[in-house]
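Chains, contacts and geometry: an overview
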There are 2 protein chains.
Amino acid sequence: MKKLYEETIKTESIYKGKIIDLELQEVVLPNGSHSKREIVNHPGAVAVICITGENKMVMVRQYRKALKKSIIEIPAGKLDAGEKPEDCAKRELEEETGIIAGILKECDSFYTSPGFANELVYVYEAENLRQGEVHTDEDEFVERMDVTLTEAKKLIRSGEIHDAKTIYAIQYWELKQYNKA
Amino acid sequence: MKKLYEETIKTESIYKGKIIDLELQEVVLPNGSHSKREIVNHPGAVAVICITGENKMVMVRQYRKALKKSIIEIPAGKLDAGEKPEDCAKRELEEETGIIAGILKECDSFYTSPGFANELVYVYEAENLRQGEVHTDEDEFVERMDVTLTEAKKLIRSGEIHDAKTIYAIQYWELKQYNKA
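Rules and cut-offs
Residues numbered from 1 in each chain as written. Chains lettered and ligands numbered in written order. Predicted model: local features only at pLDDT ≥ 70, side-chain atom pairs only at ≥ 80, totals over all residues. Heavy atoms only, no water. UniProt positions renumbered as here; feature names shortened; annotations may be inferred. Helix = DSSP H or I, 4+ residues; strand = E, 2+ residues; numbered from the N terminus. Buried < 20%, exposed > 50% of the residue type's maximum accessible area, 1.4 Å probe, protein only. Core = buried A, V, L, I, M, F, W, Y, C linked by side-chain atoms within 4.5 Å. Least-squares fit on C-alpha atoms with pLDDT ≥ 70 in both. Contact = heavy atoms within 4.5 Å. Buried area = accessible area lost by both parts, 1.4 Å probe. Salt bridge = Lys/Arg side-chain N within 4 Å of Asp/Glu carboxyl O. Polar contact = N/O pair within 3.5 Å; in protein donor to acceptor, adjacent residues only side chain to side chain. Domains from an automatic or database assignment. Nonpolar A, V, L, I, M, F, W, Y, C, P; charged D, E, K, R; others polar. Pairing = 2+ DSSP bridges. Axes fitted to C-alpha atoms, helices over the stretch in contact; angles between N-to-C directions. Expected span 1.5 Å × (residues − 1). Left-handed = near helix turned anticlockwise from the far one by under 90°.

Per an unreviewed UniProt entry, chain A goes by ADP-ribose pyrophosphatase and derives from Alkalicoccus daliensis. The heading Cofactor (unreviewed entry) in the UniProt record of chain A holds the text "Mg(2+)". According to its UniProt record, chain A has this under Sequence similarities (unreviewed entry): "Belongs to the Nudix hydrolase family."

Quick look at the structure:
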């Protein structure tokens, strides 16, 4: 295996924000030359696959300022300081959709943008569901919608579902149906 | 449908870098109150699903400073200014693996981190492959490895495959086998 490691020789903090920090690192490359890496530090996040008794996936429509549009995503949110991913998944699902999950099963975790950010998303599947009350954060506005697999695929084609974790969730759902069959 | 739009009333540029920019926007929320949004602007990227004649997926191991580890990903890279995603996919595949694709079929596109970044990844599937020469960027060090679907799933479980686009690609590959059957 080739030597791929990059050693950091200088770190400059550019910004410390509410959700993300930005730092600029000077690194030594495997060939000895120097380069800069722009790195966004993120606390990590969870996303929840939640299939109702009617065999629909629970989604939320939400305006995303970074994209300048609203998109339809699975329930998700960032980790609070010291919060366990499983607790966060339970909390976010309930806050955004009112659904209380008796069981949260970890599916996978993945980095969203390894080229510049350390955001890690833990994906859970919610089971033993009961309906409680929605109570979103004060700066969060979401609209719940439950969709069938066929509808979900149409929403991907129309660009209304357009983010990595939600497309992952839909593929997971489809694969599960094949693996059960 | 609820009103979800957030109007920007002030934009502050925090950083303009080599790959990303960071800006801080003050927005008016649907309920009239104000909030801040931290937004990373990114030029967009491509990723390439490439299955060899031996039914293996072409991957590259690469050190990712943001993650402080090397991971195994499908070939990928960011768009140059004005570059068409398809041309970028062809270029990145050839640079990182030496493979020249006669056909590049668009599979999907997705935002990686809609909560704070506008990075959009276009995924292509490469066909009509022939082997040329590897020629990576001067600050890029990658090691090619071709893996079977079974090996790919093991690498997910071990955390060596750990990013959204690569897990998407593996699900896509598995679904394709079911849909063909």
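This part takes up the overall build of chain A. A count of helical and extended segments in chain A gives three helices and 10 strands. Starting at the N terminus and ending at the C terminus, chain A contains elements arranged as β-β-β-β-β-β-β-α-β-β-β-α-α. Viewed in the frame of its principal axes, chain A has a C-alpha envelope of about 60 × 40 × 30 Å. Burial status across chain A gives 55% buried among its 181 residues.

Before going further, it helps to examine the nonpolar core. Counting 52 residues, the largest nonpolar core has I49, M57 and I161 of chain A together with I49, M57 and I161 of chain B as its most contacted members. Ranked by size, the runner-up nonpolar core spans 14 residues in total, among them I20 and A117 of chain A together with V40 and A117 of chain B.

Turning our eyes to something else, we now look at the UniProt feature "domain: Nudix hydrolase" (unreviewed entry) in chain A. Feature annotation in UniProt assigns "domain: Nudix hydrolase" (unreviewed entry) to the following positions: residues 40-169 of chain A. The distance from the first to the last C-alpha atom of residues 40-169 of chain A is 25 Å, and the span holds 22% helix and 42% strand.

Glancing now at the relation of the copies chain A and chain B. With an RMSD of 0.0 Å, the fit of chain A onto chain B corresponds to turning through 180° and sliding 0.0 Å along the axis. With respect to symmetry, the two chain copies, as superposed, fit the operation of a two-fold axis. Both copies share a contact surface, since 100% of the interface residues of chain A are interface residues in chain B too.

Below, the discussion takes up the interface of chain A and chain B. Size of an interface, as often reported, equals the accessible area lost when the parts are brought together. In this complex, chain A contributes 69 residues to the contact, which on the side of chain B involves 69 residues. For the pair chain A and chain B, the two sides together bury roughly 6,100 Å², of which 64% comes from carbon and sulfur. Across the contact surface, chain A and chain B share zero salt bridges. There are 25 residue pairs in polar contact (both at pLDDT 80 or more) connecting chain A and chain B. Where the side of chain A that touches chain B is concerned, the elements lending two or more residues are β1 (7-16), β2 (21-28), β3 (34-41), β5 (57-64), β6 (69-73), β8 (99-111), β10 (142-147) and α3 (164-180) of chain A. The element that contributes the greatest number of residues to the side of chain A that touches chain B is α3 of chain A, accounting for 10 residues.

All names here are of chain A. Splitting chain A by domain gives domain 1 (7-41) and domain 2 (45-180). A C-alpha centroid distance of 31 Å is found between domain 1 and domain 2. Residue-level contacts link six residues of domain 1 with five residues of domain 2. Roughly 410 Å² of surface becomes buried between domain 1 and domain 2 when both sides are summed, with 50% attributable to carbon and sulfur atoms. It is I19, V40 and N41 that lose the most area in domain 1 upon contact with domain 2, and together they represent 68% of the buried surface on that side. Linking domain 1 with domain 2 are zero salt bridges. Here the side of domain 1 that touches domain 2 is built from residues that sort into three nonpolar, one polar and two charged.

Residues and elements named next belong to chain A. Strand order across the open sheet formed by three strands is β6-β5-β10, with antiparallel pairing between neighbours. The open sheet has two edge strands with one neighbour each: β6 and β10. Averaged over neighbouring strand pairs, the angle between their axes works out to 25° when direction is ignored. In this sheet, β10 lies alongside β5 in antiparallel orientation, the contact comprising six bridges. Among the inter-strand pairings, Q62 is bridged to a residue of β10, identified as V142. Running over the sheet, α3 touches β5, β6 and β10 and is turned about 165° from β5.

Turning to α3 of chain A, a few remarks are in order. Think of an α-helix as 3.6 residues a turn; residues three or four steps apart then line up on the same face. Residues and elements named next belong to chain A. With 17 residues, α3 should reach 24 Å at 1.5 Å per residue; the first-to-last C-alpha distance of 24 Å fits that figure. Among the 17 residues in α3, 12 count as buried, and that is most of the element. Those residues of α3 lying buried are A164, K165, T166, I167, Y168, A169, I170, Q171, Y172, W173, E174 and L175.

Let's shift gears to the sheet that holds strand β6 (residues 69-73) of chain B. Residues and elements named next belong to chain B. The strand order β6-β5-β10 describes an open sheet built from three strands, whose pairing is antiparallel. Among the strands making up the open sheet, the edge pair consists of β6 and β10 (142-147). Put simply, the sheet's adjacent strands are angled 25° from each other on average, direction ignored. Each of β5 (57-64), β6 and β10 touches helix α3 (residues 164-180); the most contacted strand, β5, lies at about 165° to it.

Turning next to the packing of helix α2 (residues 149-157) of chain B against α3 of chain B. Residues and elements named next belong to chain B. The geometry of α2 relative to α3 is characterised by a closest axis approach of 11 Å and an angle of 145° between their N-to-C directions. Seen from above, α2 lies across α3 with left-handed handedness. The residues of α3 that touch α2, namely those facing L149, A152, K153 and I156, are I167, I170, W173, E174 and Q177. Residue composition of the contact of α2 with α3, by class: six nonpolar, one polar and two charged.

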